[in-house]
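Summary of the model geometry
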Amino acid sequence: MKQQEEVKMFANYPDVLGIKDLRQALGIGRAGAYKLLEAGKIQSFKIGNTYKIPKSALIEYVNQQCPTGDKGGEQE
């Protein structure tokens, strides 16, 4: 995915997302969002009991899930 497309795709989201933002961005449920974070698939940090996800971590995760010509079409 091109950098410009990523910026446009997530332009309406804050630089640091919460669980609700992550769920909306990926179109997933609450349990799925927590599974991704707890498994370390998406980089995050906690403030108290609240997960915070840098937007750059979300973009990186999406890039890892979408094979491109640069990666030879391999998926993890």
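First, a word on what this report is: a plain description of the structure on this page. Keep in mind it's a predicted model, so treat the numbers as computed, not measured.

On to the environment of A11. One can find A11 in the loop between α1 (3–9) and β1 (16–17). A11 sits in the partly exposed class, given a relative accessible area of 47%. Between the alpha carbons of A11 and K55 there is a distance of 9.7 Å; along the sequence they are 44 residues apart.

Our next topic: the packing of aromatic side chains. Overall, the coordinates contain 2 aromatic pairs when judged by the stated rule. Considering the side-chain rings of Y34 and Y51, the 5.8 Å spacing of their centres and the 65° angle between planes classify their relative orientation as edge-to-face. Pair noted here: Y34 is in helix α3 (residues 30–38) and Y51 is in strand β3 (residues 50–54), with a separation of 17 residues, a long-range link. On the accessibility criterion, Y34 (25% relative accessible area) is partly exposed. Above the face of the Y51 ring, K46 is positioned so that its terminal group lies 4.9 Å from the ring centre.

About the thresholds
- Residues numbered from 1 in each chain as written.
- Predicted model: local features only at pLDDT ≥ 70, side-chain atom pairs only at ≥ 80, totals over all residues.
- Heavy atoms only, no water.
- Helix = DSSP H or I, 4+ residues; strand = E, 2+ residues; numbered from the N terminus.
- Buried < 20%, exposed > 50% of the residue type's maximum accessible area, 1.4 Å probe, protein only.
- Phe/Tyr/Trp six-rings, centres within 6.5 Å; stacked < 30°, edge-to-face > 60°.
- Lys NZ or Arg CZ within 6 Å of the ring centre and 35° of its normal.

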